[in-house]
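Each chain is listed here by its residues.
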Amino acid sequence: MARARKTITPDPYAKPIAKPLPPEQSLPGHLKQFQSPTRANFELVSPYGAAGDQPKAIEELTNGFKNGEQFQTLLGVTGSGKTFTMANVIKNVGKPTLILTHNKTLAAQLYQEFKAFFPHNAVEYFVSYYDYFQPEAYIPHTDTFIEKDASINDEIDKLRLRATANLLTRRDVIIVASVSCIYGLGSPSEYFDLMVRIKKGDVYDRDKILHDLVRIQYTRNDFSLERGSFRVHGDVIEIHPSYDEEGLRIELFGDEVDRLVRFNIITGEVTQEMDEMTIAPAKHFVTKEEGRAGILQRMQVELTDRLAELDKEGKVLESARLSSRTRYDMEMIRETGMCSGIENYSRIIENRAPGTRPFTLIDYFGDDWLLMVDESHVSIPQVGGMAEGDKSRKTTLVQYGFRLPCALDNRPMNFAEFEYMYPKQVLFVSATPGDYELTKTGGVVTEQINRPTGLLDPKIEMFPIKGQMDVLLYRIEEVVKNGDRVLVTTLTKKMAQDLTDFFVEAGIRARYLHSDIKTLERHELIRGLRTGEFDVLVGINLLREGLDLPEVSMVAILDADKEGFLRNYRSLIQTMGRASRNVNGTVLLFADNMTDSLEKAVTETARRRAVQEEFNKEHGITPKSVTRKLEDDLRINDPLGDIGDDSVDEDWEDDGNGIRPMEPLQPSSKTKKKNSRKGMVMPQQVRHDKSASSQQNIEDLERQMKEAAARLDFEEAARLRDIIRGMK
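Residues numbered from 1 in each chain as written. Predicted model: local features only at pLDDT ≥ 70, side-chain atom pairs only at ≥ 80, totals over all residues. Heavy atoms only, no water.

1. Digging into the pattern of salt bridges
Just so we agree on the cut-off: What makes a salt bridge here is a side-chain nitrogen of Lys or Arg within 4 Å of a carboxyl oxygen of Asp or Glu, nothing more. Here a strand is any run of E in DSSP of at least two residues, a helix any run of H or I of at least four, and the numbering for each starts at the N terminus. Exposure categories follow from relative accessible area, calculated using a 1.4 Å probe and restricted to protein chains: below 20% of the type maximum is buried, above 50% is exposed, and the middle band is partly exposed.
Tallying each qualifying case throughout the model produces 46 salt bridges. The partner of Lys 158 in a salt bridge is Glu 155, with the nearest N and O atoms 3.3 Å apart. Of this pair, Lys 158 and Glu 155 both sit in helix H4 (residues 154-167), separated by 3 residues, roughly a single helical turn. Classification of Lys 158 by relative accessible area gives buried; the value is 8%. On the basis of relative accessibility, which here comes to 27%, the residue Glu 155 falls in the partly exposed class. The partner of Lys 158 in a salt bridge is Glu 245, and the shortest N-O contact between them spans 3.8 Å. Of the two residues, Lys 158 is situated in helix H4 and Glu 245 in the loop between strand S12 (236-240) and strand S13 (247-253); the sequence distance between them amounts to 87 residues. Judged by relative accessible area, Glu 245 falls into the partly exposed class, the value being 48%. Among the charged side chains, a network of salt bridges with common partners joins Glu 136, Arg 325, Asp 329 and Arg 403.

2. A few points about the side chain of Lys 394
Applicable threshold: As used in this structure description, the phrase polar contact means that two N or O atoms lie within 3.5 Å; if the pair is within protein, one of them must be able to donate a hydrogen and the other to accept it, and residues adjacent in sequence are counted only when both atoms belong to side chains. It only takes one pair of heavy atoms within 4.5 Å for two residues to be counted as in contact.
Within the fold, Lys 394 resides in helix H10 (residues 376-399). The class of Lys 394 is buried, set by a relative accessible area of 7%. Side-chain polar atoms of Lys 394 contact the backbone oxygen of Asn 410, separated by 2.3 Å. If near-sequence neighbours (up to four positions away) are discounted, Lys 394 is found in contact with Asn 344, Ala 407, Leu 408, Asn 410 and Arg 411.

3. Considering the sheet that holds strand S24 (residues 552-557)
By way of backbone hydrogen bonds, the strands of a sheet pair with one another, either parallel or antiparallel. The test is simple: By the convention used here, strands pair only if DSSP detects at least 2 bridges between them. Here the axes come from fitting lines to C-alpha atoms, over the contacting stretch only for helices, and the angles between their N-to-C directions go from 0 to 180 degrees.
Strands sit in the order S20-S25-S24-S21-S23-S22 across an open sheet of 6 strands; the sheet is parallel. The open sheet has two edge strands, strand S20 (459-463) and strand S22 (510-513), and neither has a second partner. Taking each pair of neighbouring strands and ignoring which way they run, the sheet shows an average axis angle of 20 degrees. The pairing of strand S21 (residues 485-489) with S24 spans 5 bridges and is classified as parallel.

4. Focus on the environment of Arg 206
Note on placement: Arg 206 falls in helix H6 (residues 206-215). Given a relative accessible area of 26%, Arg 206 falls into the partly exposed group.

The analysis is restricted to geometry; functional conclusions fall outside its scope.
So this is what it looks like as structure tokens:
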């Protein structure tokens, strides 16, 4: 019987809409250098000096940049004080600096530390300003359109605006950013040109000043001076910049500027007399009024062309949908200069060519700056993965008539474009640099192996898999007798849960930790381990970067010879590092075979330990366990809060995330977990109260959500958001 050939009908919606451009052609336009490339004066303040390998690392990196090396890598082991080394390099190089890291929480910790190191310079925080974000999307097979749903955090928005305003007006700027820095932002040239500049003694028409403020998206409010607003009393104009905590006051005598001051918004007290004043736009996406006609004309041209394409293909519904949505946005832009989702028209607003990328935070730095990529083995791959997911979602929106094709050009940088924007000086920082970083530096790294505390990398002991439970139980009992804690890593969730139950039945106080455990409960578990509520924590891949547990003296790695992501060289080194904060640090490896990754990790750890022992002997250093107050583990990391010297840690990578105290979890998966938390609303309570006063509960929860977001406690804000959605 002959086989039939199946004919596949091509999907009319699947054709490509735009061709990608190479990075040298996708630049959004030529930008001027906003500040002359003079040396930036950074004043480093620290209660301690460089120690261990820090002096050598600082000297090597500084000389490398002075000698013209573009790429360098700092290989700093856990607890060696990489942040302090980075701060010294910034001071020595003297250029505006972008520090890129891979999530908001770590960025907040870094921001706090650098704010303490450089209290007299502009240290800024630039992450996504959404407390939560549901992007606009369309699911064709169910004909479901998902509206954009977002909650903007005003405090983070203020910090983002302050970051860009400082970049364009001064050189001594350090910006700690997440991957948000590669996403679209308004044109820096337009932003710079729209700044309102007032000088004392100059002549200005009062109405001209008011018109200029309205043009850059400030609103008049004569009753309450809120962020992004101004008020007028006779010849006195008071402005609350969208990026500042203090207000600005302009006092006129006729048409002459008689006085310029900064003042406290609450008390009205004058804090500074000024000779000149610069007011930056209230939003990043702003347009010149005289340019609106051109913007609307270009939108109309693109709309006409796209409607013609859709009509030719017989897509009547898509054509009508696109026409209605776009004409509404055009009317809003014509009347107010803004519309919902205006970022989707950024290519038209900035008059860029199709296929070009949008302006980003990186464009605000100009040509003369320093890039530091922290935790580069994670951050670099994350940058590379952002563009494709965004492109897939927006292509569907364009194909089905929800957006003009220009929406595709409101996107994050792709990796080739990110590389093209590298400055003349780039520093990768990691305890386990990736292949990409090593390739860029030709395999050369600056090592920071010896810790200021004299602590050594942990001792490593290997055991066969047969009889591993007997060995593990015996060694755990020894560690617990000494008052220390134990981490055990497995390969699967079920194995983690079963092993925890086995330990509990054997009389060992144990808990498990894996991805099914909510974020806040993870912090609760880590706190319980530190306080001694239990002695053994069993996990999978959550015991690597980000944990500072000085009480842990032993880490056991089961199935260490199962080559893969969880047992590759970098994962093994990171996991072993959890025992490096304790003077009795030991790692137990259970394996029947010596894999390449295992051999490399064991050899490297032994090499580092030998170097550290020699260093301690030469300098007469006696290793001491790290001691850290438990309160530090529970402090809310608020970038807007007061920063004291105690917020500076020798190595930010392993800091615990700030949380508040909670009730402990129960022993194992088979035991019901407690759900009561002091000062927090739980789902059961919400369900109980819903019938009585649902609306009041929702309002209370929304208030708590916003308060959590203002503290930058995003996990708690997201948890409350999910509860609110369930109630609605």
